[in-house]
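Chain and residue survey
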Amino acid sequence: MSNNSIKTPIPGTFYRKPAPDKSPFKEEGDSCVEGETIGLVEVMKNFHEIKATEAGTIKSFLVEDNQAVVPGQIIAEMK
C-alpha cells in the first residue's frame, strides 16, 4: 500500500466531526475504505464531505479541527 495524501478541493473551514457534540469521523490510526468521509469543509454554510481517495489507515491529520484551509491543502496522510 502506498502513502496517499487527502487534499481539500475547496477553501473553507475544516471540521473533523459531523457536529460539535459528535465524535470525529476518523482518528489517526483508524482504517477506512475508499470514498469514506474523514471530515467536512464548510464554506458559506455549505458543508462538503472530504473523502478517502483509497483504502488504508489514517497516518496523520495535518489540519486541526476548525482550521481554515485552501484548495489543494493536504488534510490527512494515509498509509
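Residues numbered from 1 in each chain as written. Predicted model: local features only at pLDDT ≥ 70, side-chain atom pairs only at ≥ 80, totals over all residues. Heavy atoms only, no water.

Structural notes on the side chain of K26
Checked against the element boundaries, K26 lands in the loop between β2 (12–15) and β3 (31–32). When sequence neighbours within four positions are dropped, the list of residues in contact with K26 reads R16, S31, C32, E36, T37, I38, I58 and F61. (Helix = DSSP H or I, 4+ residues; strand = E, 2+ residues; numbered from the N terminus. Contact = heavy atoms within 4.5 Å.)

Re the environment of I75
Here I75 lies in strand β8 (residues 74–78). Exposure remark for I75: the relative accessible area of 0% places this residue in the buried category. Along the primary structure I75 and G35 are separated by 40 residues, whereas in three dimensions their C-alpha atoms are 15 Å apart. (Buried < 20%, exposed > 50% of the residue type's maximum accessible area, 1.4 Å probe, protein only.)

Description of unusual backbone geometry
In this model, K45 sits at a positive phi of 70°, which is unusual for a non-glycine residue. Mapping K45 onto the fold places it in the loop between β4 (37–43) and β5 (46–51). Relative accessible area serves as the criterion here: at 71%, K45 is assigned to the exposed category. In this structure, N66 is a non-glycine residue whose phi angle is positive, near 70°.

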